[in-house]
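Chain by chain, the residues:
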Amino acid sequence: IEHAWPADLKILLESPQGQQLVLSNNNGTVTRNFGRIQDTTCSQFTTFSMDGCRSLRDSKPPFIGFFHPDGDILSWKPDTLSKGAWKLITIDRAV
């Protein structure tokens, strides 16, 4: 995600049933982006995973690597992880 102020962003993943998982909630500094936008090899990106060893809160942009989300996917209802249209929602809180 290209953004000059990552700390302004709240990023959510929404299931087909409408449950939301907070991936990032106002993490970062004035340094730019989630991943390296200029990377033409597509190898320097941000991945959210429950297996991620790092927290975004303990890191600095551009957040390259595997990070656990701020929210807890284990608290989702069993029917949440299903087929359907998933949404990635990005909210700029500075606007």
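This text gives an overview of the structure that appears in the document. Per chain, residue numbering runs from 1 following the sequence as it is written. Two thresholds apply to this predicted model, a pLDDT of at least 70 for residue-level local features and 80 or more for giving and counting side-chain atom pairs, whereas whole-chain, interface and lining totals are computed over all residues. In computing side-chain properties, one takes all heavy atoms of the structure into account and sets aside hydrogens as well as water.

## Here we look at the overall build of the chain
Counted only if it meets this: Helix and strand assignments follow DSSP, with helices taken as H or I runs no shorter than four residues and strands as E runs no shorter than two, numbered in order from the N terminus. Values of the radius of gyration come from C-alpha atoms, whereas the globule rule sets the reference at 2.2 Å times the count of residues to the power 0.38. The classification of residues rests on relative accessible area computed with a 1.4 Å probe and restricted to protein chains. Under 20% of the type maximum is buried, over 50% is exposed, and intermediate values are partly exposed. Note on areas: these come from Shrake-Rupley sampling with a 1.4 Å probe, and a residue is covered only by the protein chains present in the view. In this count, Lys and Arg are taken as positive residues and Asp and Glu as negative ones, while His and the chain termini are left out. Just so you know, the charge point we use is NZ for Lys, CZ for Arg, CG for Asp and CD for Glu.
Across its full length, the chain carries zero helices and six strands. When its helices and strands are written in sequence order, the chain yields β-β-β-β-β-β. Over its C-alpha trace the chain gives a radius of gyration of 14 Å, about what one expects of a compact globule, namely 12 Å for 95 residues. Burial statistics for the chain: of 95 residues in total, 34% are counted as buried. Summed over all atoms, the accessible surface of the chain reaches about 6000 Å², with 55% contributed by carbon and sulfur. Within the chain, one finds 10 positive and 10 negative side-chain charges whose respective centroids are separated by 1 Å.

## Examining the sheet that holds strand β1 (residues 9-14)
Note the following rule: Following DSSP output, two strands are said to pair if at least two bridges run between them. Comment: axis = line fitted to C-alpha atoms, over the contacting stretch for helices; angle = value between 0 and 180 degrees taken between N-to-C directions.
Pairing in this open sheet of three strands is antiparallel, and the strands run β2-β1-β6 from one edge to the other. Edge strands, defined here as strands with exactly one partner in the open sheet, are β2 (20-25) and β6 (87-92). For this sheet, the mean inter-axis angle between neighbouring strands, taken without regard to orientation, is 20°.

## Section: unusual backbone geometry
Residues apart from glycine generally show negative phi values, whereas peptide bonds are mostly found in trans. Omega for the bond connecting Pro61 with Pro62 falls within 30 degrees of zero, at 15°, which places this linkage in the cis form. For Pro62, the location among the structural elements is in the loop between β4 (54-55) and β5 (65-68). Here the phi dihedral of Asn26 falls at roughly 55°; this positive angle occurs in a residue that is not glycine. Asn26 gets classed as partly exposed once you look at its relative accessible area, which sits at 27%.

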